[in-house]
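# A look at the structure
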Amino acid sequence: MLKRIVILTGILGLAFGLWSWWKGGRDSGIDYNSQVKPILNKHCMGCHGGVKKAGDVSFLFEHEMLEPGKSGKIPVVRGDADASEMMRRILSHDPEERMPKKGTPLNDDEVDILRKWINEGAEWETHWSYKRVERPDVPSLNNIGNLFGLLNTGDKKWAKNEIDHFVLDKIKDKGLKVSPEADRATLIRRVSLDLTGLPPTEKEVADFTNDKSENAYEKVVDRLLKSPSYGERWTSMWMDLARYADTKGYESDGGRTMWRYRDYVVKSFNDDKPFDQFTIEQLAGDLLSKDKDGFPKEENIIATGFHRNTMTNNEGGTDDEEFRTAALIDRVNTTWEVWQGTTFGCIQCHSHPYDPIPHEDYYKYMAFFNNARDEDVWDEWPKLRFYKGEDSARVEKVKDWIRQNDPKQLPEVTQFMKVMEPKINAHNFVKGDQSTVLLISYYGVKNKGNARISQVNLSGADNVVMNVSTKAENAVLTLHLDKLDGPVISEIKIPMRDSVIIAPIIKTSGKHDIYLSLSSPKAPEEWVRITWMSFQKALPGAGKPDYDKIVSDYATILTRPAEAMPVVWEGKGDFARKTNVFVRGNWMVKGAEVKPDVPKLLAPLPANQQKDRLALAKWIVNRDNALTGRVVVNRFWEQLFGKGIVETVEDFGSQGSEPTHPELLDWLAVKFMEDDHWSVKKLLKTITMSATYRQASKTDKDKLEKDPYNIWISRGPRVRLSAEQVRDQALACSGLISNKMYGPGVMPPQPDKIWQSPYSGEKWVLSEGEDRYRRGVYTYWKRTAPYPSMVTFDAPSREFCQSRRILTNTPLQALVTLNDPVYLEAAEKLAAKMQKRGKTPEQQLTEGYRMLTFQPIEQKNLNVLVKVYKEALTAYKKRPVDADSILVYGKERSPELAALTISANVMLNLDNVVTKE
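Because the structure is predicted, anything quoted here is derived from the model rather than measured.

## Brief notes about the overall build of the protein chain
Broken down by element type, the protein chain carries 33 helices and 17 strands. Oriented by its inertia axes, the alpha-carbon framework of the protein chain measures out at about 105 × 90 × 60 Å. Within the protein chain, the fraction of its 917 residues that count as buried is 56%. A separation threshold of at least 6 residues defines the contact pool for the protein chain, and within that pool the share at least 24 residues apart is 72%. Carbon and sulfur atoms form 52% of the exposed surface of the protein chain, whose accessible area is close to 40600 Å².

## A look at the nonpolar core
One broad trend across soluble globular proteins is that nonpolar side chains are buried collectively. Among the nonpolar cores identified, the biggest contains 115 residues, and Trp-238, Tyr-261 and Leu-668 are the most heavily contacted of them. Ignoring anything within four residues of it in the chain, the contact list for Tyr-261 reads Trp-238, Met-239, Ala-242, Tyr-244, Gln-282, Ile-302, Ala-303, Gly-305, Phe-306, Asn-309 and Met-565.

## Overview of helix H5 (residues 108-119)
Taking 1.5 Å per residue, 12 residues should reach 16 Å; H5 reaches 16 Å between its end C-alpha atoms and fits that length. Among the residues of H5, Glu-110, Val-111, Ile-113, Leu-114, Trp-117 and Ile-118 are the ones counted as buried. Along the axis of H5, the buried residues cluster in a sector spanning 160°; they form a single face. Exposed positions of H5 whose direction lies more than 90 degrees from the buried face are Asp-108 and Asp-109. Those residues of H5 that are buried are in contact with helix H2 (32-43), helix H3 (62-65) and helix H4 (85-91). The backbone nitrogen of Asp-109 lies 3.1 Å from a side-chain oxygen of the residue at the head of H5, namely Asn-107. Of the residues flanking the end of H5, it is Gly-121, one or two places downstream, whose phi is positive at about 115°.

## Section: the pairing of strand S9 (residues 488-493)
Side chains on a regular strand alternate between the two faces of the sheet. In the sheet, strand S8 (residues 476-481) pairs with S9 via five bridges, with the strands oriented antiparallel. Bridge pairing links Leu-477 to Ile-492 in S9.

## Overview of the packing of aromatic side chains
This structure, assessed with the given rule, holds 35 aromatic pairs. Through successive ring pairs, a cluster of aromatic residues spans Trp-238, Tyr-261, Tyr-264, Phe-269, Phe-275, Phe-278, Phe-306, Trp-339, Phe-672 and Trp-678. The ring of Tyr-742 has Lys-267 sitting right over it, with the charged end atom 4.9 Å from the ring centre. Over the ring of Tyr-778 we find Arg-774, and its NZ or CZ is 4.2 Å from the ring centre.

## Topic: the packing of helix H15 (residues 320-340) against helix H21 (residues 628-641)
Their axes nearest at 7 Å, the elements H15 and H21 cross at an angle of 75°. Between H15 and H21, the crossing angle belongs to the class labelled roughly perpendicular. Along the contact surface, H15 presents Glu-337, Val-338, Trp-339 and Gln-340, while H21 presents Thr-628, Val-631 and Arg-635. For the contact of H15 with H21, a count of residues per class yields three nonpolar, two polar and two charged.

## Some thoughts on the pattern of salt bridges
Within this structure, the stated rule accounts for 77 salt bridges. With its nearest N and O atoms 3.0 Å apart, the salt bridge here joins Arg-324 to Glu-321. On the criterion of helical spacing, the pair formed by Arg-324 and Glu-321 is a turn pair, its members being three residues apart in helix H15. When its relative accessible area of 7% is taken as the criterion, Arg-324 is described as buried. A cluster of three or more residues bridged by salt bridges with shared partners is formed by Glu-390, Asp-391, Arg-394, Lys-397, Lys-549, Asp-553 and Arg-560.

## Points about the side chain of Glu-825
Mapped onto the elements of the fold, Glu-825 is located in helix H29 (residues 821-837). Residue classification places Glu-825 among the buried positions, given a relative accessible area of 8%. What Glu-825 contacts, discounting residues up to four positions off in sequence, is Leu-736, Arg-772, Tyr-773 and Tyr-889.

## As for the sheet that holds S9
What the five strands build is an open sheet, ordered S3-S6-S11-S8-S9; its pairing is antiparallel. In this open sheet, the two edge strands, each paired with only one partner strand, are strand S3 (430-431) and S9. Two elements, S8 and strand S11 (residues 511-519), share six bridges in a ladder whose sense is antiparallel. The partner of Val-476 across the bridge, within S11, is Ser-519.

## Description of the state of the cysteines
According to the stated counting rule, one finds zero disulfides in the structure shown. With no disulfide of its own, Cys-44 lies 9.0 Å from the sulfur of Cys-47, the closest cysteine sulfur.

## Examining the side chain of Asp-263
Within the element layout of this structure, Asp-263 appears in helix H12 (residues 259-270). Apart from the residues within four sequence positions on either side, Asp-263 is in contact with Tyr-742, Gly-743 and Tyr-778.

## Points about helix H19 (residues 547-559)
If you check H19, its first and last C-alpha atoms are 18 Å apart, about what 13 residues at 1.5 Å a residue would give, namely 18 Å. Within H19, the full set of buried residues consists of Tyr-547, Ile-550, Asp-553, Tyr-554, Ala-555, Ile-557 and Leu-558.

## Focus: unusual backbone geometry
The omega torsion across Trp-381 and Pro-382 is 5°, close enough to zero to call that bond cis. Mapped onto the elements of the fold, Pro-382 is located in the loop between helix H16 (359-366) and strand S1 (383-386). Look at the link from Glu-421 to Pro-422: it is a cis peptide, with omega at 5°. Within the secondary structure, Pro-422 is located in the loop between helix H18 (410-419) and strand S2 (424-425). A positive phi angle, close to 60°, is found at Tyr-250, a residue other than glycine. Mapped onto the secondary structure, Tyr-250 falls in the loop between helix H11 (228-241) and H12. One non-glycine residue, Ile-713, adopts positive backbone phi at about 60°. Summarising the element assignment, Ile-713 is placed in the loop between helix H25 (701-706) and strand S16 (719-720). Among the residues examined, Ile-713 registers a relative accessible area of 5% and is labelled buried.

## Description of the packing of H11 against H21
Packed helix pairs are specified by the crossing angle of their axes together with the interaxial distance, meaning the distance between the axes. In the contact formed by H11 and H21, the axes pass within 12 Å of each other and the chain directions differ by 120°. Between H11 and H21, the crossing angle belongs to the class labelled oblique. Two packed elements cross with a definite hand, and for H11 against H21 that hand is right-handed. Touching Arg-233, Trp-234, Met-237 and Leu-241 of H11 are Arg-635, Phe-636, Gln-639 and Leu-640, all from H21.

Cut-offs applied
- Residues numbered from 1 in each chain as written.
- Predicted model: local features only at pLDDT ≥ 70, side-chain atom pairs only at ≥ 80, totals over all residues.
- Heavy atoms only, no water.
- Helix = DSSP H or I, 4+ residues; strand = E, 2+ residues; numbered from the N terminus.
- Buried < 20%, exposed > 50% of the residue type's maximum accessible area, 1.4 Å probe, protein only.
- Contact = heavy atoms within 4.5 Å.
- Areas by Shrake-Rupley, 256 points an atom, 1.4 Å probe, with all protein chains shown as cover.
- Core = buried A, V, L, I, M, F, W, Y, C linked by side-chain atoms within 4.5 Å.
- Expected span 1.5 Å × (residues − 1).
- Arc of directions from axis to C-beta.
- Polar contact = N/O pair within 3.5 Å; in protein donor to acceptor, adjacent residues only side chain to side chain.
- Pairing = 2+ DSSP bridges.
- Phe/Tyr/Trp six-rings, centres within 6.5 Å; stacked < 30°, edge-to-face > 60°.
- Lys NZ or Arg CZ within 6 Å of the ring centre and 35° of its normal.
- Axes fitted to C-alpha atoms, helices over the stretch in contact; angles between N-to-C directions.
- Parallel < 35°, antiparallel > 145°, perpendicular 65-115°, else oblique.
- Nonpolar A, V, L, I, M, F, W, Y, C, P; charged D, E, K, R; others polar.
- Salt bridge = Lys/Arg side-chain N within 4 Å of Asp/Glu carboxyl O.
- Disulfide = S-S within 2.5 Å.
- Left-handed = near helix turned anticlockwise from the far one by under 90°.

Printed below as a string of structure tokens:
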């Protein structure tokens, strides 16, 4: 038997050697993406790309480099470098001709690469990330050491799943070795913080440490994935991408009700909603299937809040169309950054300087979003209204009436009661005499004032429904057809209150200009404010008993205040907009009209399909889309390891970072889409179950020299906790944290005078009870004054989408954990727990350290903490009254507890406490 093994080993070894010799002897030629493209981007694209085409020469598209330039000469002649004008210019000694002009000359290696590339035929390649994702072969771990798989030893024994095969392949290539698995306490703390954003409990650590079963770790991972805290942790990540806030942004930054969108995201993650469905609902929930009343599911409408998290500018004197356009541009750029990992914003003003995406493609893509009905008005319509009590009963009464009298009218009436669309916002009125803008967005008119509403479709309209308010008595608004003294189609008495009124109009067909005029002789100086108008078909059942009561209920529903959140709603028919190219990105200079479409760089939209946001959303998560799968799995990888396989998670273009493990990225993307059916929980389980993830983070001199930044993942991740996690951990370890989920944002303690709201007088009102101890994801987020301790730990303002937080290490962070009221209260509570765990200060401090890190404390570190404790104790014994300044949250007062609180405060600031190892 031994003889057979030796012979087999010899034969396989010989075959392997011959294969290696054959492979090494082949000339694979110059690779465009990895060798040529970086040279062109570095030296040429600045003058010969999307921004500029000096001399009519560009290297952005393949056909451009083969066409004669202004000189009549061809930049690249395939197969002949000497005949290529590019090479002649690069090698020229004439400073007027030599390229790059006024730039650093190419070195010999770069010149040699370009020469060989051209002589080999100048083969052009699509950038790796724009190629369809194909499943790569998993590297084999069979080698001579394990008798080509016969023995389960070495690397084969170490690997837990396919991820490890790809990582080992790179590690060996770089002359590195893997690290052993982290100890169980470290591992459960790591995976708990990664999957739920919270540290494990002491019992969970003990149970895992004592569990000797083979699947002990898998049971931990499964439990964490089922935890309600899981959804909250990943929602914190998504809120940065969705630029979620509880305020509108810009100068006045007033409040906005958006928390239902945040709750939708929490529930979606906890339910493991397939990521493709999650995507479609957020981008096009208003266009998805309707319920029995002909209205989309409430959950799907709430999901569209993703793109209503854009800012609204309520500053006086601003142009609503300008800031509607700003929000529109933000939606385009955010969609590309979140799902396509591409710096699409470059194309707003010119063709992409480094990737083959032409300028007009930006506006073709923008056309998908341009019909959203929001118009930067003060009250942020359209909004989804949530009715309660009597108003909810009125809604059902109106719907029942319509079902009985004309069910076909139910969808449009339900739609208007839910989102009040379609309607004409008053800021679109063309102002005439005695007219102005009130409250930034509304039309105001006085006695003998007038205005024009352009091209209103009156076909099928019986009533005008409008929101008006005034203090003027006996004011009458008259609507004229086509001209100011044209036929009167309605006379409307304006009530002296803010209300929605319904007035009949004379039946008319076609599109007409509507002129309105106001008569208010009794109070000529009082303004009549009009917020919006809608020309509608009358409710069915006219003439029947109770009809007037139903119409009154309908008006009351629209008048009464109701909780509402901004949502995306598609404008159709007369409310659809044309989309034009903005010349040089200037929204005021319109170029050619364009229709919705996606860049030709990627897979096309399916043929014979309506090109709307729903089609776009489905295209984004289509299996043939080259980017989405890669971008999404890379984003989750970055959250676990602190660095993505592509480090620039926001940029997969040719100027972004190259993937460290391209085959692994593609394997994860294909598995995520095809095998896991877009299940984020399955993706995260695959990653966290790998031996790669489980490695200890400790390093040695050899690894620090060869791989100082752990690019090749030869050791476990060691990453500073996120802003939310630093705070949540302090609350959890001290026993203060609340498990309450969902609802409006809360206002936990923060330093005084952070908020300055001169426009509204809004103040930070400290939440009471358990709300002050809720997780960071529920903290009220004001864009101009975000929660200060989280900003200090690198949380963004969320004015715009941010794909990754660049972690910093500043003295301000230490000042937060040492002085912020949240951490002072946590320290006092932790000290009280420590006091019960030991009789001596040494025992108490040892227990406190273990409660925070689940590790035994080293003697030298304990000595430092004991010194801190003793110095504080001496000071408080000399001046017992000073203990009151530190012990402000509990009832007990003693120098010993105050000193222990100071020590606990120091421990909350330790590097290995605020770091995930």
